[in-house]
Each structure stands twice: as C-alpha cells, then as structure tokens.
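# Coordinate analysis (summary)
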Amino acid sequence: MTTIAAATPADLPALLELLGQSALPTAGLADHVDTTFVARDAGRVVGSAALELYGTAALLRSVAVAPEQRGHGLGQELTRHALALARRRNIRTVYLLTETAGGFFPRFGFRAIPRDAVDPAVQRSVEFTSACPTSALVMRLELRRQPSAVSREPELPGTADG
Ligand SMILES: CC(C)(COP(=O)(O)OP(=O)(O)OC[C@H]1O[C@@H](n2cnc3c(N)ncnc32)[C@H](O)[C@@H]1OP(=O)(O)O)[C@@H](O)C(=O)NCCC(=O)NCCS
C-alpha cells in the first residue's frame, strides 16, 4: 500500500535519487524538507511534492513519481497534499516551473504566466535563479480563502476579495 506523509531529513537521500531519476533539479530541496511530502510503498520512497514558502507566495516543486508507479493517481494525490498545505499556511499564490509537465498542472487550476510576473521573493529562489532553465514554463495558481464551516469571521470593510 502506498502512503503519503510529511518528509523527514532521513528521506533526503531517497528524495534526491527520485528527483535525479525523474530529471528534476535537486538544488535547494534540503532547505525545504519540512514542507515536503513523500509517498512510500513498502518503506521505499516512490513519490514526492515540495513547497517552498515565501511569505504569502509559494513555489511548488519536485512533484515526482517513480516511473513504475506512474499513471495511478499518485502524482495528483501528492500535488493535492502540497496545495492543502499551502492553504493551511495561508498562501495566496502558488507558482511552479516545469519543462516536462505543462499539461499535468492545469487540472489544479494552474495557468501559464510570463516569468517576470512571478513574485520577486519566489524569483530569488534557487530553483528560479539556477536550478531550472529560463526556457521552463512558469505557471501560477491563485488560492482562494476557504470559508470555515464552523464559524465565519465578519468581513471587514475593504477586505472582500470576491
Ligand atoms: C508528472 C508526474 C508527477 C505525474 O505523476 P503520475 O502519478 O503519473 O500522475 P497521475 O497518475 O496522478 O495522473 C495521471 C494524469 O496526468 C497526466 N500526466 C502525467 N504526466 C504528465 C506529464 N508529464 N505531462 C502532462 N500530463 C501528464 C496523465 O496523462 C493522466 O491524465 P488523465 O487523468 O487525463 O488520464 C510524473 O509523470 C513524473 O514524475 N514525471 C517526471 C517528473 C516531472 O515532470 N514532474 C513535474 C514537474 S515538477
């Protein structure tokens, strides 16, 4: 059975191997292990998705599934875990860079944008400055605030965002 859980520093070697196998950048991931998810199957790391947090913006990266496990929904499940974490951390905008999966992310609401439209804090990340080529596709997802099912704060004047 495959399970998804928060990564620990002990997962790092296996995560880096998976990224290498998936031809994805590894630089900078070690700094974001605490916001990374791993999928494990019989104790082996078979999937990952990581978030780098920059204030109210985040970079989704390292979405990878071991080749023999692809096509069974794991990549989508890992992405959903990362986006749920972004919502819990009050992230408003999630960005990603991809050279190989531009057709995978629109199902979550990501849309292609010009590179210079990215939040400056995210543009300074290792992934943006060195790990991913400038030809990579840049995508953005705006997260809407989820109204609480238990109680709703009264809206303050001028804060309604539609
Ligand atoms: C992209 C990736 C994570 C998808 O994982 P997965 O577990 O195979 O995907 P799922 O089974 O959850 O989803 C399958 C769906 O995604 C689509 N899909 C999978 N990989 C895709 C890709 N590279 N580009 C476009 N669509 C893709 C499939 O066609 C399928 O579509 P359908 O639901 O319309 O039939 C996996 O292929 C991978 O690790 N690729 C290499 C690394 C990579 O490119 N990562 C993304 C950049 S961070």
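How each quantity is defined
- Residues numbered from 1 in each chain as written.
- Predicted model: local features only at pLDDT ≥ 70, side-chain atom pairs only at ≥ 80, totals over all residues.
- Helix = DSSP H or I, 4+ residues; strand = E, 2+ residues; numbered from the N terminus.
- Buried ≥ 20, exposed ≤ 12 C-beta atoms within 10 Å, placed from the backbone.
- Contact = placed C-beta atoms within 7 Å.
- Pairing = 2+ DSSP bridges.
- Near = placed C-beta within 6 Å.
- Nonpolar A, V, L, I, M, F, W, Y, C, P; charged D, E, K, R; others polar.
- pLDDT = per-residue confidence, 0-100.

### Some words on the overall build of the protein
For the protein, the count of helices and strands is 4 helices and 7 strands. Every one of the 162 residues in the protein was classed for burial, and the buried ones make up 34%. Taking all contacts inside the protein whose residues are at least 6 apart in sequence as the whole, residues at least 24 apart take part in 69%.

### Digging into the pairing of strand S3 (residues 44–54)
Within S3, 8 of the 11 residues are buried, leaving the element largely enclosed by the surrounding structure. Pairing between strand S2 (residues 36–41) and S3: 6 bridges, direction antiparallel. Across the sheet, aspartate 41 pairs through a bridge with arginine 44, a residue of S3. If you look at the hairpin formed by S2 and S3, you'll find 2 residues sitting between the two strands, and alanine 42 has a positive phi there, around 50 degrees. For S3 and strand S4 (residues 57–65), the ladder comprises 7 bridges, and the chain directions are antiparallel. Directly across from serine 48, in S4, lies its bridge partner alanine 64. Two successive antiparallel strands, S3 and S4, enclose a turn made up of 2 residues, where glycine 55 displays a positive phi of approximately 65 degrees.

### Here's the deal with the site of the ligand
In the region of the ligand, 18 residues are neighbours, and Arg70, Gly75, Gln76, Ala101 and Gly103 sit closest. Those elements that place two or more of their residues in the shell around the ligand are S4 and helix H2 (74–88). A total of 4 residues in the shell around the ligand trace back to one element, the largest contributor, which is S4. Looking at the shell around the ligand residue by residue, the classes come out as 7 nonpolar, 9 polar and 2 charged.

### Quick look at the environment of alanine 23
Among the structural elements, alanine 23 can be located in the loop between helix H1 (12–21) and S2. On the basis of neighbour count, alanine 23 is assigned to the exposed category, with 9 C-beta atoms found within 10 Å. Sequence separation between alanine 23 and threonine 100 is 77 residues, and the spatial gap between their C-alpha atoms is 9.3 Å.

### Overview of the confidence of the model for the protein
Confidence along the protein averages 90 in pLDDT terms, with 89% of residues attaining 70 or more. Within the model, pLDDT remains below 50 along residues 158–162, and this stretch shows 1 contact once partners closer than five positions in the same chain are excluded.

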